[in-house]
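Fold and geometry: a report
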There are 2 protein chains.
Amino acid sequence: MRTLDHPSRDEMRLDTVLAALADPVRRTVACKLNDAFGDHACATFELPVSKSTATYHFRTLREAGVIRQEYEGTKIMNTLRKDDLDARFPGLLDAVFAAQDIERAEATAPESRD
Amino acid sequence: MRTLDHPSRDEMRLDTVLAALADPVRRTVACKLNDAFGDHACATFELPVSKSTATYHFRTLREAGVIRQEYEGTKIMNTLRKDDLDARFPGLLDAVFAAQDIERAEATAPESRD
DNA sequence: TTGGTAGTACGAAATTCATCGTAGTAAAGT
DNA sequence: ACTTTACTACGATGAATTTCGTACTACCAA
């Protein structure tokens, strides 16, 4: 059975977590995992990048400690490490997701009157 | 009188703010401005980089909207745009500063028993 | 007006990051 | 046993980031 390395809680670094969440593609992945229930294979995300680039972004998120990746047959199931992140850096993830929601709302909103 | 451009609240982008705060040098600057009262000239920060690199980091922070820079004679006074950031992305700055404190405490702590 | 102070602008180099295509692999299905 | 699925590893490439030194500028002080 194939397994993947994950940082423990206290191995998580703020630098790495912030850098991971600074990228829009990766933040999209994290947000979707937060919104949805359960876990999700990489292929279900419909990212605007090639498959190999997607692999790179998932690995970056995993190595930062943002997501957990576990093989399930030929698929990899991804889950948000919300509990671990919340324990390590309280409030950070929620603040980022809230900020993301704010920007997303602006993008779809009628852009004020004009 | 020289002036510098700053993004308005609604021009602030999450991408840019997170990228600005992901860098350790820049996060140090932001944290120091948060801890200290009043404003501070660039030269007072004692950063581990050259003067021109420091200029680059201050500009990056300003263009992200994290700090405000205003000329005062030949000096530039820097202030944290806490109110603006809090209005734009509530809780984000505080979570980052709290996380930074946690890591800083670990670095100086006796690294548990061994 | 001459000098010092506190910064910038510019160009260059080194590094890191994001991207891709191709080729490969482990597990599952048939 | 063969094929398909879902992904990875590797190498390459171009873009962005971080770094620096040198030269410059605006302002202040003597």
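All values reported here derive from a predicted model rather than from experimental measurement. (Residues numbered from 1 in each chain as written. Chains lettered and ligands numbered in written order. Predicted model: local features only at pLDDT ≥ 70, side-chain atom pairs only at ≥ 80, totals over all residues. Heavy atoms only, no water.)

Quick look at helix α3 (residues 51–64) of chain B
All names here are of chain B. We count it as follows: Comment: elements are numbered from the N terminus, with helices defined as DSSP H or I runs of at least four residues and strands as E runs of at least two. Expected span of a helix: the number of residues minus one, times 1.5 Å. Burial here depends on accessible area, computed with a 1.4 Å probe over protein chains only, as a share of the maximum for the residue type. Under 20% is buried, over 50% is exposed, and the range in between is partly exposed.
Here α3 contains 14 residues, and its C-alpha end-to-end distance of 20 Å stays within 8% of the 20 Å for a straight helix at 1.5 Å per residue. Along α3, the residues that are buried comprise Ala54, His57, Phe58, Leu61, Arg62 and Ala64. Just past α3, the residue Gly65 takes up positive phi, approximately 95°.

Re the protein's contact with DNA strand D
Going by this rule: Whether a residue is near a molecule or strand is decided by its heavy atoms; if any one of them lies within 4 Å of it, the residue is near. Any pair of nitrogen or oxygen atoms within 3.5 Å is treated as a polar contact; in protein, a donor-acceptor pairing is required on top of that, and neighbouring residues in sequence qualify only through side-chain atoms on both sides.
Inspection of the region around DNA strand D gives 23 residues, with Lys51(A), Thr55(A), Thr74(A), Tyr56(B) and His57(B) positioned closest. For DNA strand D, the fraction of protein-proximal atoms (within 4 Å) that sit in sugar or phosphate groups is 66%. Take Cys42(A): an N or O atom from its main chain is 2.9 Å from a phosphate oxygen of DNA strand D. Backbone polar atom of Ser50(B) to a phosphate oxygen of DNA strand D: 2.8 Å apart, as the coordinates give it. Contributing elements (two or more residues each) for the surface near DNA strand D: α3 (51–64) and β3 (75–80) of chain A together with α3 of chain B.

Focus: the UniProt feature "domain: HTH arsR-type" (unreviewed entry) in chain A
Short version of the rule: UniProt positions are given in the numbering used here, feature names are shortened, and annotations may be inferred rather than shown by experiment.
If you check UniProt for "domain: HTH arsR-type" (unreviewed entry), the listed places come out as residues 6–100 of chain A in our numbering. The annotated region residues 6–100 of chain A carries 54% helix and 15% strand content, and the separation between its end C-alpha atoms amounts to 25 Å.

Focus: the relation of the copies chain B and chain A
Note the cut-off: Overlaid copies result from least-squares superposition on C-alpha atoms, with residues included only where pLDDT is at least 70 in both. In what follows, residue pairs with any heavy atoms lying within 4.5 Å of each other are defined as contacts.
Superposition of chain B onto chain A requires a rotation of 180° combined with a translation of 0.0 Å along the rotation axis, giving an RMSD of 0.0 Å. In symmetry terms, the pair is related by a two-fold rotation axis. The residues that chain B uses at the interface reappear at the interface of chain A in 100% of cases, marking a shared surface.

Some remarks on the protein's contact with DNA strand C
Our working definition: Ten residues, namely Ala, Val, Leu, Ile, Met, Phe, Trp, Tyr, Cys and Pro, are considered nonpolar, four, namely Asp, Glu, Lys and Arg, are considered charged, and the remaining ones, Gly among them, are considered polar.
In the neighbourhood of DNA strand C, 23 residues make up the surrounding shell, with Tyr56(A), His57(A), Lys51(B), Thr55(B) and Thr74(B) lying closest. Of all atoms in DNA strand C that approach within 4 Å of the protein, 69% are sugar or phosphate atoms. Within the contact set of DNA strand C, a phosphate oxygen lies 2.8 Å away from a side-chain nitrogen or oxygen of Thr53(A). Tyr56(A) places a polar side-chain atom, nitrogen or oxygen, 2.3 Å from a phosphate oxygen of DNA strand C. Counting only elements with at least two residues in the surface near DNA strand C, the list comes to α3 of chain A together with α3 and β3 (75–80) of chain B. Here the surface near DNA strand C is built from residues that sort into 8 nonpolar, 9 polar and 6 charged.

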